[in-house]
Amino acid sequence: MSGRSTSRVTEALRLLAIAGAVFIAILPLVWVVLASFKTAADVSQMPPRLLFTPTLDNYRSVLDAGFASFFRNSVIITFAAVALSVVLGVPAAYGFSRLRVPALRALLLFVLSVRFVPYIVFAVPLFVIMVRLQLVGSHVGLIFVYILINLPLVVWMMKSFFDDVPTDIDDAAAVDGANRLQSFALVVLPSTAAGVACVTILSFIFTWNEYLLALVLSGRHAQTLPVVLTRFLGGMEDPVRWGLLSASSVVVLAPVVIVTLLVHRYVRAGFGGSTT
Amino acid sequence: MNRSSARSHGSAEREVPVRRSRYDWRATAMFIGPTIVALALVALLPTLWAMFSSLFDWHFHRPQARSFVLFDNYVRLFGDARFLNAMRVTAFYTVVSVVTTLVLGIGLALLTRAPFPGKNAVRALLTIPMIMTPVVSTLVWKTFFFEADLGLVNWVLGLAGIVGPAWTASSPSAIITILVVNIWFMTPFVYLVMDAALEGLPHEVIDAAKIDGAAYWQRVWFVILPMLRATIVFTVIFRITIDARMFEIIHVMTGGGPARDTEVLSLWIYNAALRNFHLGYGNAGGVVLMTLVAATCLVIMLVGLRDLYRRTGSS
């Protein structure tokens, strides 16, 4: 309204602010990726060196330090935990959306309430229980425990996806002689494929990144990457080890960052709707 | 987002052919049963055990010597300076970071509202802080940015002639580092929620206000924010639950130091129950934390949504 030049100035300021936000958002990632290719001499230079001869030495050291086996732990635990939560949670969400469930509200509230309890409250009893069951340090133990993080998310988000599918198609399937299971698996589920992708990706990110439960329950043999990273790099204050720290950080980050950038539409939709 | 669908489901307008029983018992057991059983095992059982054990003087390595003390652990908690400190730190940390992320997140969502070149790329890049492994981002902030001698922050301050502190090792800079990382980590979450919510607002209303001559800030304050109220309330509740359980940023950045200035309740419970192995005492702290979170969220929900539902109910 108030003249072309002012609106052009506002627009420029707006774009500048957005650029600033993006810069701060990605700076740690960019920094650590660059540092992972620097030599020990380059990595501690201030002001930071933007032009340097890249080296792969840090990644070699990460491999030599036996990171591969921890990477394997993380992959096994994450994939199994996500699969378990999706396999349990998606049918449950369908049930909550479609069936005449006794005590429906109470059960839904119970599922949701799990998300509101601080993890440390679960972690202490689970530690004691799992010591008794000799599950500390096993993959199986952590896989089950990660239900805590993922299942409520899967159920609530998938329920809203199922709610958006018109019940007419269930009725049509019923008329054609499909039973509940068939109409779920063959008719309704395929039309919520995007929703399944969405909850799977979110569960993957949360499980891969989880630290507290893994710290308490993974013992010596099931350590996942976030736990290893903090233990194994005790002396990272020493700039000589910054390259190693960066390279192992990049290894931990790569899967989640790549997935997010590839399918960020789903990630955005997921987080946008995740307040339930 | 699916709050409304949950409500409409509760009122059950859908016509379902009535068979023998009111409920689909078999199908319920098949579809929902496994989830409920699984959650009962990994969530309900541990929570009940935590409450139960909080009534005992119970040391992990001396299970035979445990004794029933009723509420003694709770009485002790409220005379324990270290616990009270942890409550203060948690409250301060949660309030500051919830408010800041809310303001920044809504601001960013408003800023990126109108189209501009590269909008999709910007939205993708803005999600990066919250998908990055928190342990890793904290290590990066700690080692490269907040490091006293070679860190980026003190280098930038040095350009302005300021000698920066040993960030993570002194007070009050240590709590600032934690707040900065948490705000950096969580603002994208608020941004994504608000961005989605803004997209869903009825444009006619906002356009009408514009035609009526309302300036941009007036439209934001009197039209857009009131329409976002339910979303804001749920986001605040969600953010509180995330901050109240925050552990990794603090554990990695300061370990609770210096001098317990950054020891939040999660860390206090971890130390009491899993470092010092006082299970009963630590779990009593856990029950207090859980109760505080639930009570705070309930109050915020009741206050925040009160006349909203009355109004929609009457119209």
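Just so it is clear, the model here is predicted, and its values are computed rather than measured. (Residues numbered from 1 in each chain as written. Chains lettered and ligands numbered in written order. Predicted model: local features only at pLDDT ≥ 70, side-chain atom pairs only at ≥ 80, totals over all residues. Heavy atoms only, no water.)

Please clarify how the overall build of chain B should be interpreted in this entry.
The helix and strand tally for chain B stands at 16 helices and two strands. Here chain B holds 315 residues, and the buried ones make up 53% of them. A separation of at least 24 residues holds for 70% of the contacts in chain B among residues at least 6 apart in sequence. A total accessible area of about 14800 Å² is found for chain B, and carbon and sulfur atoms account for 67% of it. (Helix = DSSP H or I, 4+ residues; strand = E, 2+ residues; numbered from the N terminus. Buried < 20%, exposed > 50% of the residue type's maximum accessible area, 1.4 Å probe, protein only. Contact = heavy atoms within 4.5 Å. Areas by Shrake-Rupley, 256 points an atom, 1.4 Å probe, with all protein chains shown as cover.)

Which parts of the structure should I look at to understand the overall build of chain A?
Within chain A, the regular secondary structure consists of 15 helices and zero strands. Its C-alpha atoms give chain A a radius of gyration of 24 Å, more than 25% over the compact-globule value 19 Å for 276 residues. Taking the principal axes of the C-alpha coordinates as reference, chain A spans close to 70 × 70 × 35 Å. Relative to its 276 residues, chain A shows a buried fraction of 55%. Here the contacts in chain A between residues at least 6 apart in sequence split such that 74% fall between residues at least 24 apart. For chain A, the exposed area adds up to about 11500 Å²; of that, 69% sits on carbon and sulfur atoms. Within chain A, one finds 19 positive and 13 negative side-chain charges whose respective centroids are separated by 4 Å. (Rg over C-alpha atoms; globule rule 2.2 N^0.38 Å. Lys, Arg positive; Asp, Glu negative; His and termini not counted. Charge placed at Lys NZ, Arg CZ, Asp CG, Glu CD.)

Would you mind going over the domain arrangement of chain A with me for this structure?
Bring the parts together and some accessible area is lost; that lost area is often taken as the interface size. All names here are of chain A. Split into domains, chain A comes out as domain 1 (4-57) and domain 2 (65-273). Between domain 1 and domain 2, the C-alpha centre-to-centre distance is 32 Å. Taken together, the contacts link eight residues of domain 1 with 10 residues of domain 2. Along the contact surface separating domain 1 from domain 2 lie zero salt bridges. (Domains from an automatic or database assignment. Salt bridge = Lys/Arg side-chain N within 4 Å of Asp/Glu carboxyl O.)

Would you take a moment to explain the packing of aromatic side chains for this structure?
All names here are of chain B. Inspection of every chain in the model, using the stated rule, returns 31 aromatic pairs over all chains. Summarising the aromatic geometry, the rings of F60 and F277 are spaced 5.3 Å apart at their centres and angled 25 degrees between planes, so their arrangement reads as stacked. Here F277 lies in the loop between α15 (265-275) and α16 (279-314) and F60 lies in the loop between β1 (56-57) and β2 (67-68), a separation of 217 residues in the sequence. You'll find F60 and F277 in the same group, each marked buried. (Phe/Tyr/Trp six-rings, centres within 6.5 Å; stacked < 30°, edge-to-face > 60°.)

Just checking my understanding: could you explain the environment of I77(A) for this structure?
Residues and elements named next belong to chain A. By secondary structure assignment, the location of I77 is in helix α4 (residues 67-98). Once the C-alpha coordinates of I77 and Q223 are considered, the two residues, 146 residues apart in sequence, prove to be 9.8 Å apart. For I77, the contacting residues outside a window of four places in its chain are H139, L142, I143, Y146, A222 and T224.

Before we go on, may I ask you to explain the interface of chain A and chain B in this structure?
Listed as interface residues are 102 residues of chain A and, on the opposing side, 99 residues of chain B. Taking both sides of the interface into account, the surface hidden between chain A and chain B amounts to around 9000 Å²; carbon and sulfur atoms contribute 77%. Linking chain A to chain B there are one salt bridge. Here R100(A) and D24(B) are joined by a salt bridge, their closest N and O atoms 2.6 Å apart. Summed over the shared surface of chain A and chain B, the number is 11 residue pairs in polar contact (both at pLDDT 80 or more). (Buried area = accessible area lost by both parts, 1.4 Å probe. Polar contact = N/O pair within 3.5 Å; in protein donor to acceptor, adjacent residues only side chain to side chain.)

Sorry if this is basic, but what is going on with the nonpolar core here?
By size, the foremost hydrophobic cluster in this structure holds 191 residues, and its most contacted members are I120(A), L148(A), F144(B) and Y270(B). Domain assignment of the residues forming this core places at least three in each of domain 1 (4-57) and domain 2 (65-273) of chain A. If sequence neighbours within four positions are ignored, Y270(B) has contacts with I120(A), L212(A), L215(A), V216(A), F247(B), H251(B) and R275(B). (Core = buried A, V, L, I, M, F, W, Y, C linked by side-chain atoms within 4.5 Å.)

Looking at this structure, I do not really get the packing of helix α5 (residues 104-113) of chain A against helix α8 (residues 147-164) of chain A. What am I missing?
What describes two packed helices is the angle between their axes and the distance between those same axes. Residue and element names in this part refer to chain A. Put simply, α5 and α8 touch, their axes get as near as 8 Å, and they point 130 degrees apart. Classed by the angle they form, the pair α5 and α8 counts as oblique. Between α5 and α8 lies a crossing whose hand is left-handed. In this structure, α5 contributes L108, V111 and L112 to the contact, and α8 contributes P152, V155, W156 and K159. Within the contact of α5 with α8, the residues separate by chemical class into six nonpolar, no polar and one charged. (Axes fitted to C-alpha atoms, helices over the stretch in contact; angles between N-to-C directions. Parallel < 35°, antiparallel > 145°, perpendicular 65-115°, else oblique. Left-handed = near helix turned anticlockwise from the far one by under 90°. Nonpolar A, V, L, I, M, F, W, Y, C, P; charged D, E, K, R; others polar.)

For this particular structure, what's the right way to read a nonpolar patch on the surface?
Residues and elements named next belong to chain B. A contiguous nonpolar patch, built from L298, V299, M301, L302 and V303 and spanning about 460 Å² of accessible area, is present on the exposed surface. Looking at where M301 falls in the secondary structure, it is placed in helix α16. Residue class for M301 comes out partly exposed when judged on its relative accessible area of 30%. (Patch = residues over 30% accessible without salt bridge, like charges linked within 9 Å, V, L, I, M, F, W, Y side chains within 5 Å.)

Is there a simple way to think about the environment of S44(A) in this case?
Take S44(A): it is sitting in the loop between α2 (40-43) and α3 (57-64). Put simply, S44(A) and P239(A) are 195 residues apart on the chain and 6.1 Å apart in space, counted from C-alpha to C-alpha. Not counting residues up to four positions away in its chain, the partners in contact with S44(A) are P239(A), W242(A) and L150(B).

Please clarify how the packing of α4(A) against α8(A) should be interpreted in this entry.
All names here are of chain A. For the pair α4 and α8, the least separation of the axes is 7 Å and the interaxial angle reads 40 degrees. The orientation of α4 relative to α8 falls into the category oblique. The handedness of the crossing between α4 and α8 is right-handed. In terms of residue class, the contact of α4 with α8 is made up of 15 nonpolar, four polar and three charged.

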